[in-house]
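Fold and geometry: a report
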Amino acid sequence: MLLITISWIYILFTTINLGVGFDKIMNFSNKNFVITSILGLFSTTILASIWAIFGRINIEFHIVLILLNVFSLLKYRNSIIDLYKSFLLELQQLQKSLKIVLSIISVLIILQCASIPFVIDNESYYIQTIKWLNEYGFVKGLANLHLFYGQTSGWHIAQSVFNFSFLYKKFNDLSGFCLLLGNVFAIQKLNEYSKNENKNYLLIGLLPLFNFFFFQFISAPSPDIPVYIFSFIFFFYFLENYKQITSETFDLLLVLVLFLLYIKNTTITFAIFPLILLVLNFKSLSGKLLKPILLTTLVIVLFFIKNLIICGSPLFPSKIFTAFATDYAIPSTIQTFYYDNLKYYGYFITAEQYNSMSVWDLFIRWITLPKLNGLFNKLSVFFILVLPFFIYKFKNEKALWLLYVNMILQICLLLITSPQYRFFIHFVLFFSPFCLICLIQNKKTINALLVLSQIPIAIILFFPFNLSKFANHKSLMEISTFSSNNIVFPFQNSKNNTSFEIIQLGNLKYNSPQKNDFLWASGNGDLPCVNKKQIDTFEKHFQYIPQMRTHELKDGFYAKKISKNE
């Protein structure tokens, strides 16, 4: 807990310095402390992505990062000092009740981050993806070793910077830092709402109501958390500036969208918003589009290069750019398997069931799923049905209608590809307080809800709680509790203490966990690490095995076709 706090102080220091520098380059004229830190996270991620093309994200990168810190401090010293002063003044001016709430939330977030990580994807590919980035950067054909490594996210690149692997092996909590930024932003806007009565400020100010949900993801570097937080912030600025947008605000919204897309490609529908704003405000924006175009081009090129190196093709999974595929590209049969299973998994059915069901049957299956999946699926349909009434009656604005239409588009797109609730829940979470404040606007009631919503978090942090009635996967049945052993040192990056066996397969020698919770589990083994059961399954069904391209791990992997008799 203590070490996490210290690391976050450095992360904040770095992101503020780089954020101010990035702000000056792009001419955002931003004065918000949290937004500056997010800009710093974005610029760090982009710099690290460029670096990872050529080498590992390790101590060498941090030396450069320290030099950039020094340069920013020297060049923008007054702006940085003024930003800290204004932020401290804003904290001092918070209502007493909001100061208490923010203090409690901050402590609870750090406690959760210091506890056992239980996000299932952490055990399958988060840990290993970040290890590869720390040791080698982007590795050619890495997805041939473990299919999920093809999902390397911009957020994992950012985490590989701020886990300080050359100093300590247990920092894995950038999502918690992001949630803290989101809560600070929300509390600030809630405090301003008491002065300006602007409902958009109240809407974003109620983000802490959902901390109980967010907390399930922050003990590991889940890309879902920055998607949820940055989405809320984007929605706020979009609603506030839709009618009259400046080039500075447009550029800021564009950066948020680019960051979202680089973190998780399921946010692709957000790309519509900058296009709409550009069309509606082309005359006022047309003269200042050079920097946004260059930045957008840079992010898109980095996204394609990342995929081209790790997966062997510009998009994963995709058969669109087969002409650009490399000799170490993931075999098309395995890509098809991966893409199809995303659909099957979202409905919790087999391939045979999926192919025999009509569109209506699939929808009924999706909406009647048990436990959390079914609950959030029903909520999404409920909001699609009732939101037109709330928007029309209480806040009939084009900006809100655009958010509503985008939510429908997002859900429809996911129903075709991967209908998992966590890929669209940010819309549901945003529109929930919108409906609430349409009916309840009493400040005392809202403050009471804010306080009461944090109590369940404190309870489950200190008392074991079983989720068998809610969770659909056995690995999510129990939420980790905070232990006094983690007051100074956080829990290790993996929840498991399994040992690993070394297995030789052709020219590949890899580490496989001896305790296999599920097929994709790899845990915290030394590189290269992959589950033997996964290797055996792919060999049996697809007749492919991963092999090293050379005798050096840094040169990557390819999928070797074998005959059934081998």
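Description of the structure in this document. (Residues numbered from 1 in each chain as written. Predicted model: local features only at pLDDT ≥ 70, side-chain atom pairs only at ≥ 80, totals over all residues. Heavy atoms only, no water.)

1. Quick notes on the overall build of the protein chain
- Within the protein chain, the secondary structure is distributed over 24 helices and 6 strands.
- The globule rule puts the C-alpha radius of gyration for 566 residues at 24 Å, and the 23 Å found for the protein chain is close to it.
- Along the first, second and third principal axes, the C-alpha atoms of the protein chain reach 75 × 60 × 55 Å.
- For the protein chain, the proportion of its 566 residues judged to be buried stands at 56%.
- For the protein chain, contacts bridging at least 24 residues in sequence account for 70% of all contacts bridging at least 6.
- Carbon and sulfur atoms form 65% of the exposed surface of the protein chain, whose accessible area is close to 24,000 Å².
- Side chains of the protein chain give 45 positive and 28 negative charges; the mean places of these two sets differ by 6 Å. (Helix = DSSP H or I, 4+ residues; strand = E, 2+ residues; numbered from the N terminus. Rg over C-alpha atoms; globule rule 2.2 N^0.38 Å. Buried < 20%, exposed > 50% of the residue type's maximum accessible area, 1.4 Å probe, protein only. Contact = heavy atoms within 4.5 Å. Areas by Shrake-Rupley, 256 points an atom, 1.4 Å probe, with all protein chains shown as cover. Lys, Arg positive; Asp, Glu negative; His and termini not counted. Charge placed at Lys NZ, Arg CZ, Asp CG, Glu CD.)

2. Description of the packing of aromatic side chains
- This model, assessed by the stated rule, comprises 61 aromatic pairs.
- On the numbers, 5.5 Å between centres and 40° between planes, the contact of Trp132 with Tyr136 is tilted.
- Under the relative-accessibility criterion, Tyr136 is labelled partly exposed at 29%.
- Ring plane angle 85° and centroid distance 6.0 Å describe the contact between Trp520 and Phe538, whose orientation is recorded as edge-to-face. Residue Trp520 is found in the loop between strand S4 (508-513) and helix H24 (532-542), and its partner Phe538 is found in helix H24; the two are separated by 18 residues along the sequence.
- What makes Trp520 buried here is its relative accessible area of 17%. (Phe/Tyr/Trp six-rings, centres within 6.5 Å; stacked < 30°, edge-to-face > 60°.)

3. Some points on the packing of helix H1 (residues 2-26) against helix H3 (residues 59-75)
- Contact geometry for H1 and H3: axes closest at 9 Å, N-to-C directions at 60°. Relative to H3, the element H1 is oriented oblique. Crossing geometry of H1 relative to H3 is assigned as left-handed. Side by side, H1 and H3 meet where Tyr10, Phe13, Thr14, Asn17 and Leu18 of the first sit next to His62, Leu65, Ile66, Leu68, Asn69, Ser72 and Leu73 of the second. (Axes fitted to C-alpha atoms, helices over the stretch in contact; angles between N-to-C directions. Parallel < 35°, antiparallel > 145°, perpendicular 65-115°, else oblique. Left-handed = near helix turned anticlockwise from the far one by under 90°.)

4. Remarks on the environment of Leu167
- Looking at the element boundaries, Leu167 is found in the loop between helix H7 (154-161) and helix H8 (174-196).
- Remark: the alpha-carbon pair of Leu167 and Cys412, spanning 245 residues in sequence, is separated by 45 Å.

5. Section: the pairing of strand S5 (residues 544-548)
- Among the 5 residues in S5, 5 count as buried, and that is most of the element.
- Going residue by residue along S5, you find Tyr544, Pro546 and Met548 tucked away on one face and Ile545 and Gln547 tucked away on the opposite face as well.
- Alignment of S5 against strand S6 (residues 557-561), held across 5 bridges, turns out to be antiparallel. Directly across from Gln547, in S6, lies its bridge partner Tyr558. (Pairing = 2+ DSSP bridges.)

6. Thoughts on empty space enclosed by the protein
- In total, this model carries 5 cavities of 30 Å³ or more according to the counting rule given.
- If you add up the space inside the largest cavity, you get close to 140 Å³.
- Lining the largest cavity we find 15 residues, and of these Asn144, Leu145, Ile334, Phe538 and Pro546 sit closest to its centre.
- Listing elements by their share of the lining of the largest cavity, those giving two or more residues are H24 and S5.
- Each residue belonging to the lining of the largest cavity can be placed in one class, and the counts come to 12 nonpolar, 3 polar and no charged. (1 Å grid on protein atoms, 1.4 Å probe; cavity = no way out; pocket = protein on both sides within 12 Å on 5 of 7 lines; lining within 4 Å. Points joined across faces, edges and corners; volume = space filled by probe spheres on them. Nonpolar A, V, L, I, M, F, W, Y, C, P; charged D, E, K, R; others polar.)

7. Remarks on the pattern of salt bridges
- Counting across every chain of the model gives 8 salt bridges.
- Two residues, Asp121 and Arg422, come together in a salt bridge whose shortest N-O distance is 3.5 Å. Of this pair, Asp121 sits in helix H6 (residues 120-135) while Arg422 sits in the loop between helix H20 (398-416) and helix H21 (425-439), and the two are 301 residues apart along the sequence.
- In this structure, Lys395 engages Glu397 in a salt bridge whose closest nitrogen and oxygen atoms are separated by 3.2 Å. (Salt bridge = Lys/Arg side-chain N within 4 Å of Asp/Glu carboxyl O.)

8. With respect to a nonpolar patch on the surface
- Together, Leu2, Ile6, Ile487, Val488 and Phe489 line one region of the surface with nonpolar side chains, adding up to about 440 Å² of accessible area.
- Relative to the helices and strands, Ile6 is located in helix H1. (Patch = residues over 30% accessible without salt bridge, like charges linked within 9 Å, V, L, I, M, F, W, Y side chains within 5 Å.)

9. A short note on helix H11 (residues 224-241)
- Here H11 spans 26 Å end to end across 18 residues, near enough to the 26 Å set by a 1.5 Å rise per residue.
- Most of H11 is tucked away, with 17 of its 18 residues classed as buried. (Expected span 1.5 Å × (residues − 1).)

10. What about the nonpolar core?
- Ranked by internal contacts, the top residues of the largest apolar core, which has 184 residues, are Phe214, Phe431 and Phe434.
- Excluding anything up to four places from it in sequence, Phe214 contacts Leu179, Leu207, Ile225, Tyr228, Ile229 and Leu429. (Core = buried A, V, L, I, M, F, W, Y, C linked by side-chain atoms within 4.5 Å.)

11. Some words on the state of the cysteines
- Per the stated rule, a full pass over the model turns up 0 disulfides.
- Cysteine Cys178 is unpaired, with the sulfur of Cys113 as its nearest cysteine sulfur at 11 Å.
- You can call Cys178 buried: its relative accessible area is 1%.
- Free of any disulfide, Cys435 has its nearest neighbouring cysteine sulfur in Cys438, separated by 6.1 Å.
- Residue Cys435 is classed as buried on the basis of its relative accessible area, which comes to 8%. (Disulfide = S-S within 2.5 Å.)

12. Quick look at the environment of Phe235
- With respect to the element layout, Phe235 can be found in helix H11.
- Distance in space between the C-alpha atoms of Phe235 and Ala399 is 9.3 Å, their sequence separation being 164 residues.
- Contact partners of Phe235, with chain neighbours within four places excluded, come to Phe270, Leu403, His426, Phe427 and Phe430.

13. Focus: the side chain of Ser231
- Position of Ser231 among the secondary structure elements: in helix H11.
- Ser231 has contacts with Pro226, Leu260, Phe270 and His426, leaving out every residue within four places of it along the chain.

14. As for the side chain of Gln188
- Structurally, the position occupied by Gln188 is in helix H8.
- Look at Gln188 and you get buried, because its relative accessible area is 5%.

15. Thoughts on H8
- Its 23 residues place the ends of H8 33 Å apart at the C-alpha level, agreeing with the 33 Å of an ideal helix rising 1.5 Å per residue.
- With respect to burial, H8 is a largely interior element, 19 of its 23 residues being buried.
- Directly beyond the C-terminal end of H8, a positive phi value near 60° is found at Glu197.

16. Focus on the environment of Asn355
- Relative to the helices and strands, Asn355 resides in helix H17 (residues 351-356).
- Residue classification places Asn355 among the exposed residues on the basis of a relative accessible area of 59%.
- Considered as a pair, Asn355 and Tyr344 are 11 residues apart in the sequence and their alpha carbons are 9.8 Å apart.

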